[in-house]
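# Geometric and topological summary
Spelled out from the first residue to the last, the chains are:
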Amino acid sequence: MNHTIAFQKACSAYYLAADLIEQFPKSQRYALGARTETNVLELVEWIAMAEALPDPLKGRVYSEATAKADVCGVLIRLCLERKLIGETNYFVLVGLFQETAKCCVGLNKSLR
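This one's a predicted model, so the numbers in the text were calculated from it and none came from an experiment. (Residues numbered from 1 in each chain as written. Predicted model: local features only at pLDDT ≥ 70, side-chain atom pairs only at ≥ 80, totals over all residues. Heavy atoms only, no water.)

Here we take up the packing of helix 1 (residues 3-21) against helix 4 (residues 87-110). The angle between the axes and the distance between the axes are what describe a pair of packed helices. One can describe the packing of helix 1 onto helix 4 by two numbers: an axis separation of 9 Å at closest approach and a directional angle of 155°. When the axis of helix 1 is compared with that of helix 4, the two are roughly antiparallel. Crossing of helix 1 against helix 4: the hand is left-handed. From helix 1, His3, Ile5, Ala6, Lys9, Ala10, Ser12, Ala13, Leu16, Ala17 and Leu20 reach across to helix 4, where they touch Asn89, Val92, Leu93, Leu96, Phe97, Glu99, Thr100, Cys103, Cys104 and Leu107. (Axes fitted to C-alpha atoms, helices over the stretch in contact; angles between N-to-C directions. Helix = DSSP H or I, 4+ residues; strand = E, 2+ residues; numbered from the N terminus. Parallel < 35°, antiparallel > 145°, perpendicular 65-115°, else oblique. Left-handed = near helix turned anticlockwise from the far one by under 90°. Contact = heavy atoms within 4.5 Å.)

On to helix 1, then. The terminal C-alpha atoms of helix 1 lie 27 Å apart, and with 19 residues this matches the ideal 27 Å at 1.5 Å per residue to within 8%. For helix 1, the complete set of buried residues consists of His3, Ala6, Ala10, Cys11, Ala13, Tyr14, Ala17, Ala18, Leu20 and Ile21. Lining the buried residues of helix 1 we find helix 2 (26-52), helix 3 (55-81) and helix 4. (Expected span 1.5 Å × (residues − 1). Buried < 20%, exposed > 50% of the residue type's maximum accessible area, 1.4 Å probe, protein only.)

Turning our eyes to something else, we now look at the packing of aromatic side chains. Here the structure, examined in full by the defined rule, presents 2 aromatic pairs. With a centroid separation of 5.2 Å and 65° between ring planes, the pair formed by Tyr90 and Phe91 is classed as edge-to-face. Taking relative accessible area as the criterion, Tyr90 reaches 9% and is therefore assigned buried. (Phe/Tyr/Trp six-rings, centres within 6.5 Å; stacked < 30°, edge-to-face > 60°.)

Looking at the chain as a whole, its pLDDT mean stands at 94, while 98% of the residues score no less than 70. Here helix 2 stands out as the least confident element of the chain, with mean pLDDT 94; helix 4 is the most confident, with 96. (pLDDT = per-residue confidence, 0-100.)

This next bit is on helix 2. Three- or four-residue spacings in an α-helix give side chains the same orientation, since the helix completes a turn every 3.6 residues. With 27 residues, helix 2 extends 37 Å from end C-alpha to end C-alpha; this agrees with the ideal 39 Å at 1.5 Å per step. Of all the bends in helix 2, the greatest, near 40°, is centred on Gly33. Of the positions making up helix 2, those classed as buried are Gln28, Leu32, Gly33, Thr36, Asn39, Val40, Leu43, Val44, Trp46, Ile47 and Ala50. Buried residues along helix 2 sit against helix 1, helix 3 and helix 4. (Bend = angle between axes of the 7 residues up to and from the residue.)

To continue, consider the pattern of salt bridges. Per the counting criterion, the structure on display carries 4 salt bridges. A salt bridge links Asp55 to Lys58; the shortest N-O distance between them is 3.5 Å. Placement of the pair is Asp55 and Lys58 together in helix 3, with a separation of 3 residues, close to one helical turn. Classification of Asp55 as partly exposed rests on a relative accessible area of 47%. Residue Lys58 is classed as buried on the basis of its relative accessible area, which comes to 12%. (Salt bridge = Lys/Arg side-chain N within 4 Å of Asp/Glu carboxyl O.)

Written as structure tokens, this is what we have:
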């Protein structure tokens, strides 16, 4: 499992989410939109941080990134339920978060 794949998936999710959040109504952009964007950015940060750490510390960081990907999925679900994003974009983003989480789990297992 390659760290770069997880990073690319997380970045792709961020780019799409950021573009979608820009289109949210103002009242949602600064509430749910900002929270969602912050969490997706934190996901990217966790994965980038893991690469810079020594192997014994990477496992915890990949676990945190996996949890963060799950939180991002929940936030995107809320965006769908509030009709802020369409189903197509929802499924693309959830797929990216799931793939990112799978990569992080695989990277974590490879450390053992």
